[in-house]
Amino acid sequence: LVDAAVRYRPGGPLAIDGVSLDLPSGRRIALVGRTGAGKSTVAAVLLRFRDLSGGSATLGGHELASYDADDVRTVIGGYPQDPHLFDTTIGENLRIARPGASDDELAAVAARVGLADWIAALPMGWGTPVGPLGRAVSGGQRQRIALARALLADPAVLILDEPTAHLDIESRQLMTADLLAATAGRATLLITHDLSGLSQVDEVIVLERGIVAERGTHQQLLSAGRGYWQMWQAQAGTT
Ligand code: ATP
Ligand code: MG
């Protein structure tokens, strides 16, 4: 993205304004900021759910808008805020991402997202139904199933919008640690409110009211002692 701008209605305010970011192979960026800052809007542009009002979005040197949205989503994958589980089994929810996936592939991805022991202990294992909207599994399990599905699809660029939402602090930190391990080496945009673990990403971007307020490594932003540092202090008080 270069100077990306989005407004949701003509004449309305810009939800993001002048956002630039680059996700070459292997680079991981964390996007943080208050609610309403424009984080999900950035994800929506990358996944081609929204077109730009200004600036440009390119994929492999070509305008993102020149590709078919479905084609874009085979390269740029991941999931939106509050991912959807289908009312079927755990195994089928993963195979939606890759219909021909073998049992070994499912087992490998389950291990990467920390689901293997839980699934092995279930009486029905992979055949366990997740219920309507995934309500028969916990919020953390739902998030991990969605992450496993996103990894199984094996996109070049992975977008994760608040994969730790609705979890308690301890589960959030575990989930963040697991997903950072599972996304190592893959171009990843991690949208999150959890600052723990972000020393592992290449760049942190802080959005404020649609504008990039700060960017740099976790360490650089802490040293700068500005908004990111304040967010960090606030979170340190809660853990
Ligand atoms: P959160 O942390 O709560 O998920 P966010 O940083 O993801 O917030 P966005 O969802 O990108 O924020 O929203 C940015 C701005 O755009 C907000 O002011 C929001 O009200 C507005 N907005 C988001 N989606 C729409 C929409 N579909 N129609 C109109 N305005 C929208
Ligand atoms: Mg959001």
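Quantities reported herein were computed from a predicted structural model and do not represent experimental measurements.

Participant: Help me understand the environment of Arg50 in this model?
Facilitator: By secondary structure assignment, the location of Arg50 is in the loop between α1 (39-46) and β4 (54-56). Owing to a relative accessible area of 33%, Arg50 belongs among the partly exposed residues under this scheme. As a C-alpha pair, Arg50 and Ala65 span 15 residues in sequence and 9.7 Å in three-dimensional space. Contacts of Arg50, omitting those with residues within four sequence positions, involve Tyr8, Ala44 and Val45.

Participant: Hey, could you run me through the sheet that holds β4 in this one?
Facilitator: Strand pairing in a sheet is mediated by backbone hydrogen bonds. Such pairs are either parallel or antiparallel. The three strands lie next to each other as β2-β1-β4, forming an open sheet whose pairing is antiparallel. Edge positions in the sheet fall to β2 (14-19) and β4, since each has one partner strand and no second. With direction set aside, neighbouring strand axes in the sheet form an average angle of 25°. Of the pairings in the sheet, the one linking strand β1 (residues 2-7) to β2 comprises four bridges and is antiparallel in character.

Participant: Honestly, the site of ligand 1 in this entry has me stumped. Any pointers?
Facilitator: Around ligand 1, a shell composed of 14 residues is seen, among which Thr35, Gly36, Lys39, Ser40 and Thr41 lie nearest. Thr35 places a side-chain nitrogen or oxygen 2.4 Å from an oxygen atom of ligand 1. Residue Glu162 places a side-chain N or O atom 3.3 Å away from an oxygen atom belonging to ligand 1. Considering ligand 1 on its own, with 630 Å² of exposed area, one finds that the protein chains cover 59% of that surface.

Participant: Can you help me understand the nonpolar core in this one?
Facilitator: Nonpolar side chains in soluble globular proteins tend to be buried together. Ile145, Leu147, Leu198, Val204 and Tyr228 are the most contacted members of the largest nonpolar core, which totals 39 residues. Within the residue set of this core, elements represented by two or more residues are β3 (28-32), α3 (90-95), α4 (103-112), α6 (139-152), β8 (157-161), α7 (169-182), β10 (203-208) and α8 (218-224). Among the elements that line this core, the one with the most residues is α6, at seven residues. Ignoring any residue separated from it by four or fewer positions in sequence, one finds Leu198 in contact with Ala30, Val32, Leu190, Thr192, Val204, His218 and Tyr228. Ranked by size, the runner-up nonpolar core spans 27 residues in total, among them Leu46, Leu47, Val72 and Ile159.

Participant: Looking at this model, I keep getting lost on the side chain of Arg149. Mind explaining?
Facilitator: Mapping Arg149 onto the fold places it in helix α6. Salt bridges are absent for the buried Arg149, whose nearest opposite-charge side chain, Glu92, sits at 11 Å. Those residues within four positions of Arg149 in sequence are excluded, and the remaining contacts are His84, Leu85, Phe86, Asn93, Leu94 and Ala97.

Participant: Looking at this model, I keep getting lost on the coordination of the magnesium ion (ligand 2). Mind explaining?
Facilitator: The expected angle between donors at a tetrahedral four-coordinate metal is 109.5 degrees. At an octahedral six-coordinate metal it is 90 or 180 degrees. Bound to the magnesium ion (ligand 2) on the protein side are Ser40 (OG) and Gln81 (OE1), at distances that span 1.9 to 2.2 Å. Of this pair, Ser40 sits in helix α1 while Gln81 sits in the loop between β7 (76-79) and α3, placing them 41 residues apart in sequence.

Participant: Help me out: how do you make sense of the pattern of salt bridges in this one?
Facilitator: Opposite charge on two side chains permits pairing when their charged atoms draw close. On inspection of all chains with the given rule, the structure shows nine salt bridges. Across the salt bridge formed by Asp178 and Arg144, the nearest N and O atoms sit 2.6 Å from each other. Separated by 34 residues along the polypeptide, Asp178 in helix α7 and Arg144 in helix α6 bring together distant segments of the chain. Residue classification places Asp178 among the partly exposed residues on the basis of a relative accessible area of 25%. Each of Arg27, Glu203 and Arg215 takes part in one network of salt bridges that share partners.

Basis of the calculations
Residues numbered from 1 in each chain as written. Chains lettered and ligands numbered in written order. Predicted model: local features only at pLDDT ≥ 70, side-chain atom pairs only at ≥ 80, totals over all residues. Heavy atoms only, no water. Helix = DSSP H or I, 4+ residues; strand = E, 2+ residues; numbered from the N terminus. Buried < 20%, exposed > 50% of the residue type's maximum accessible area, 1.4 Å probe, protein only. Contact = heavy atoms within 4.5 Å. Pairing = 2+ DSSP bridges. Axes fitted to C-alpha atoms, helices over the stretch in contact; angles between N-to-C directions. Near = heavy atom within 4 Å. Polar contact = N/O pair within 3.5 Å; in protein donor to acceptor, adjacent residues only side chain to side chain. Areas by Shrake-Rupley, 256 points an atom, 1.4 Å probe, with all protein chains shown as cover. Core = buried A, V, L, I, M, F, W, Y, C linked by side-chain atoms within 4.5 Å. Lys, Arg positive; Asp, Glu negative; His and termini not counted. Salt bridge = Lys/Arg side-chain N within 4 Å of Asp/Glu carboxyl O. Donors = N, O, S within 2.8 Å, 3.2 Å for Na, K, Ca; no water.

Everything listed here is a matter of coordinates, which is why it stays silent on function.
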